[in-house]
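Summary of the model geometry
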Amino acid sequence: MKLRLDVETPDGSSVPVTVTAEGTATVADVAGVVWAGMTGVPADPGQPVTLQVMAEDRHEVTTLPGRSLLWDTVVCSGQRVRVVPYATPTGGGGTTAGWLRVISGPDAGKSFALRAGSQVIGRDTGCDIVLADQQVSRRYARLTMGPLVVEVADLNSSNGVVVGDTL
């Protein structure tokens, strides 16, 4: 994925930036790299960052969830964005739309509450659902909970994703 963004600097000016990211890149991944490029200092791991997307009139601002996959968001070429601190949700905020139950492996018997929208499953601590199984990739799959449909998408995992008996 390639985007051309106008990144607002702390002084209010904007700098054109071309972003090239893989399909598995999160908003926080991109925001961290943009921050490091603007300031020359890596983003503080203790204070995650995300992107705010501004409407043309700059009155309407949308703060993107840092854990969202970049290509799942409203970001598109030509938009003005800025890097801002992101408070990660705690306590599973939002309504539970369903449950994921692990049936085998080191996490067998654990259940995870699922919210509407997209969640990333994997071993990486930045995932929404973190599993300890070494057979699971760092960023394994994206689970999207819709009102009537649940979609599971493999995020280029090494071992593939099996749902029922289907790979």
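Residues numbered from 1 in each chain as written. Predicted model: local features only at pLDDT ≥ 70, side-chain atom pairs only at ≥ 80, totals over all residues. Heavy atoms only, no water.

So, the overall build of the protein chain
Going by this rule: Secondary structure elements follow DSSP: runs of H or I no shorter than four residues count as helices, runs of E no shorter than two count as strands, and numbering proceeds from the N terminus. Categorising residues by exposure relies on relative accessible area from a 1.4 Å probe, with only protein chains included: less than 20% of the type maximum marks a residue as buried, more than 50% marks it as exposed, and the intermediate range marks it as partly exposed.
Helix and strand counts for the protein chain come out as 1 helix and 11 strands. Secondary structure elements of the protein chain, listed N to C terminal, follow the sequence β-β-α-β-β-β-β-β-β-β-β-β. Its C-alpha atoms give the protein chain principal-axis dimensions of roughly 50 × 30 × 30 Å. Residue burial in the protein chain is summarised as follows: out of 167 residues, 35% are buried.

Section: the sheet that holds strand 3 (residues 49–54)
For clarity, the threshold we go by: At least two bridges found by DSSP between two strands is the condition for calling them paired. In this analysis, axes come from line fits to C-alpha atoms, helices being fitted only over the stretch in contact, and the angle between any two N-to-C directions falls in the range 0 to 180 degrees. Whether two residues touch is decided by their heavy atoms; if any such pair falls within 4.5 Å, the residues are in contact.
Ordered by their spatial adjacency, 5 strands build an open sheet running 2-1-5-3-4, and the pairing between neighbours is mixed. Strands at the two margins of the open sheet, each flanked by one partner only, are strand 2 (14–20) and strand 4 (61–63). On average, each strand axis in the sheet is tilted by 40° relative to the strand beside it, whichever way the strands run. Looking at chain direction, strand 1 (residues 2–8) and strand 5 (residues 80–85) are connected through 2 bridges and run parallel. If you follow Asp6 over to strand 5, its bridge partner there is Arg80. Against the sheet, helix 1 (residues 27–39) touches strand 1, strand 2, strand 3 and strand 5, its axis set at about 90° to strand 3.

Overview of the confidence of the model for the protein chain
To be explicit about the condition: Values of pLDDT, the confidence the predictor places in each residue, fall between 0 and 100.
Within the protein chain, residue pLDDT values average 83, and 92% of them lie at 70 or more. Note on residues 89–93: pLDDT under 50 across the span, and 1 contact to partners over four residues away in sequence or across chains.

Some words on a nonpolar patch on the surface
Under the convention used in this document: Only residues whose relative accessible area exceeds 30% and that form no salt bridge enter a patch; like-charged residues are grouped when within 9 Å of one another, and nonpolar side chains (Val, Leu, Ile, Met, Phe, Trp, Tyr) when within 5 Å. Residue burial considers only the protein chains on display, and all accessible areas are found by Shrake-Rupley using a 1.4 Å probe. A side-chain nitrogen of Lys or Arg and a carboxyl oxygen of Asp or Glu constitute a salt bridge if their distance falls within 4 Å.
Taken together, the side chains of Val150, Val152 and Val163 make up a nonpolar region of the molecular surface, amounting to roughly 230 Å² of accessible area. On the basis of relative accessibility, which here comes to 38%, the residue Val152 falls in the partly exposed class.

Observations regarding helix 1
Definition in use: For a helix, the expected span equals 1.5 Å multiplied by the residue count minus one.
In this model, helix 1 (13 residues) spans 18 Å end to end at C-alpha, consistent with the 18 Å of a helix rising 1.5 Å per residue. Taken together, the buried positions of helix 1 are occupied by Val27, Val30, Ala31, Gly32 and Val34. The inward-facing, buried residues of helix 1 abut strand 1, strand 2, strand 3 and strand 5.

Concerning the nonpolar core
Using the following cut-off: Remark: nonpolar core denotes a set of buried residues (Ala, Val, Leu, Ile, Met, Phe, Trp, Tyr, Cys) joined through side-chain atoms within 4.5 Å.
Of all hydrophobic cores here, the largest spans 18 residues; its most connected members are Leu5, Val19, Val30, Leu51, Leu70 and Val75. If you list the elements that add at least two residues to this core, you get strand 1, helix 1, strand 3 and strand 5. No other element matches helix 1, which puts 4 residues into this core. Once residues within four sequence positions are removed from consideration, Val19 is found in contact with Met1, Lys2, Leu3, Leu5, Val30 and Val34.

Some remarks on the pairing of strand 11 (residues 150–154)
Sheet topology places strand 10 (residues 141–145) next to strand 11; 5 bridges connect them, and they run antiparallel. Its bridge partner lying in strand 11, Ala141 is registered against Asp154. Connecting strand 10 to the antiparallel partner strand 11 that follows it, the hairpin turn spans 4 residues.

Let's talk about the side chain of Thr9
Looking at the element boundaries, Thr9 is found in the loop between strand 1 and strand 2. Since its relative accessible area comes to 14%, Thr9 is described here as buried. Not counting residues within four places of it along the chain, the set of residues in contact with Thr9 comprises Val15 and Met38.

Focus on the sheet that holds strand 8 (residues 117–122)
With mixed pairing, 4 strands are arranged side by side in an open sheet as 9-8-10-11. Two strands in the sheet have a free side with no partner beyond their single neighbour: strand 9 (129–130) and strand 11. Note that strand 8 and strand 9 share 2 bridges and pair parallel. For Gly122, the partnering residue across the bridge sits in strand 9 and is Val130.

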